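Residue-level structural notes
Here is what each chain is made of, one letter per residue.
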Amino acid sequence: MATFDKVKAIIVDQLGVEESEVAMEASFVDDLGADSLDIVELVMALEEEFGLEIPDEEAEKIRTVGDAVKFIQDRQ
Amino acid sequence: MKLKTNLCNLLGIEYPILQGGMAWVSTAELAAAVSEAGGLGVIGAGHAPTEWLEEQIKKAKSITKKPFGVNVMLMSPFAEQNMELIIRERVPVVTTGAGNPGKFIPRLKEVGTRVIPVIPSVALAQRMAKAGVDAVIAEGGESGGHIGELSTMPLVPQVVDAVEIPVIAAGGFFDGRGLIAALALGAQGIQMGTRFMSATECTIHDNVKELLIKAKDRDTIVTGRTTGHPVRIIRNKLAKQFEERERQGAPVEELEQMGVGRLRMAMVEGEIQEGSVMAGQICSMIKRVEPANDIIKDIMTGAELVLNRLGRGEF
């Protein structure tokens, strides 16, 4: 689960949450307290870390930590 | 000295002044008057249906041959249809609020429409620049209506440093001093909403214009911070009720319900106690109702005076 760990580290850094809160099923908005601008920053940080593009239509579908991990794994 | 920036060339306007596209306020009459005066007038689509917008675009085109814009509120149920209309009518400029216009950009660019989103943060500005927008409006929390967290002074230079496209500063601008300050921060122009509410051509109710003329420096407040959708309005009966319920921990649904229909109530019906009078912090600087042309001339004359004074080293 190397991808998950990297994603988790970015989420902890970007959203200022505890590592223990970052579960696969955690929703960015409802569980981790992110707003739309936080999500923009998060998406950009993920793009940079994994060297990929996350188009707006795809970014809109990423609602949970698991969604983000799956999106990245599918493209690696 | 002519204060012409690259933004003026990009938009085909004479002066680097945009008029904010305010819902229920920025009608074709106001937008066309601002464009005629050499700025960029912008029709505010808000939540209005597409037929209304179509009428407004046609009206603006009948009054002015100069470029004008439409502001599309992306959370409106008509956002998609409004964009289709803008493409069909080949409106020269579209500004957007409350979201990310990414998916509309390719088709707008295809017909030559300039796309300028309003952004409240550095990251969104960067993402928009990457998506190919022509400029961004960095809007600080001094503005009226829905606002972001940052103030104009810290937001603008950070956005200027982060993107290579032109930046338009918004939030707290009123006169030539503000325009020069914005240019000093690296912006290429300003967007003003509140001051244009006092324009003769602005069709809002006279009660609102009179309220703006009477307003003092501390008369606007921000409500709705707890709902995640903060709004700057003039403190009136509605604002006080809202503040009270917010302090008592009223549920978000109740607070949101309190705001429904209130903007129209204020701006169109002139109900300035029960309605939502969205206005920026500079509203207290408004002293009279005057034509849009006089507002623009005042800003440009003032800006040149300030620039000359600074150039002579007189601080």
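Cut-off values and rules
Residues numbered from 1 in each chain as written. Chains lettered and ligands numbered in written order. Predicted model: local features only at pLDDT ≥ 70, side-chain atom pairs only at ≥ 80, totals over all residues. Heavy atoms only, no water. Contact = heavy atoms within 4.5 Å. Buried area = accessible area lost by both parts, 1.4 Å probe. Salt bridge = Lys/Arg side-chain N within 4 Å of Asp/Glu carboxyl O. Nonpolar A, V, L, I, M, F, W, Y, C, P; charged D, E, K, R; others polar. Helix = DSSP H or I, 4+ residues; strand = E, 2+ residues; numbered from the N terminus. Buried < 20%, exposed > 50% of the residue type's maximum accessible area, 1.4 Å probe, protein only. Lys, Arg positive; Asp, Glu negative; His and termini not counted. Polar contact = N/O pair within 3.5 Å; in protein donor to acceptor, adjacent residues only side chain to side chain. Domains from an automatic or database assignment.

**Regarding the interface of chain B and chain A**
- On the side of chain A, 12 residues touch chain B, which itself brings 10 residues to the contact.
- Summed over the three residues of chain B that lose the most area to chain A, namely A123, R127 and K130 of chain B, the buried surface amounts to 55% of that side.
- One can count four salt bridges joining chain B with chain A.
- A salt bridge links E47 of chain A to R127 of chain B; the shortest N-O distance between them is 3.2 Å.
- Considered class by class, the residues forming the side of chain B that touches chain A number three nonpolar, four polar and three charged.

**Brief notes about the environment of V222 of chain B**
Residues and elements named next belong to chain B.
- Its place among the elements puts V222 in strand β10 (residues 220-223).
- Separated by 11 residues in the primary sequence, V222 and I233 have C-alpha atoms spaced 6.4 Å apart.
- Setting aside chain neighbours within four positions, we find V222 in contact with I147, P230, V231 and R232.

**A short note on the side chain of K209 of chain B**
Residue and element names in this part refer to chain B.
- Looking at the element boundaries, K209 is found in helix α10 (residues 206-214).
- Buried within the structure, K209 lacks any salt-bridge partner; its nearest side chain of opposite charge belongs to D206, at an N-O separation of 4.8 Å.
- Of note is the side chain of K209, whose polar atom sits 2.7 Å from the backbone oxygen of C202.
- Beyond its immediate stretch of four places on either side in the chain, K209 contacts M197, A199, T200, C202, I204 and V289.

**Things to note about the domain arrangement of chain B**
All names here are of chain B.
- By domain assignment, chain B separates into domain 1 (6-203 + 286-310) and domain 2 (216-269).
- Its C-alpha centre places domain 1 at a distance of 25 Å from the equivalent point of domain 2.
- Contact with domain 1, which involves 12 residues of that partner, is made by 10 residues of domain 2.
- Taken over both partners, the interface formed by domain 1 and domain 2 buries close to 890 Å², and the fraction arising from carbon and sulfur atoms is 65%.
- Counting across the interface, domain 1 meets domain 2 through one salt bridge.
- The shortest N-O distance in the salt bridge between R225 and E149 comes to 4.0 Å.
- Between domain 1 and domain 2 we count four residue pairs in polar contact (both at pLDDT 80 or more) in total.
- Its residues assigned to classes, the side of domain 1 that touches domain 2 shows five nonpolar, five polar and two charged.

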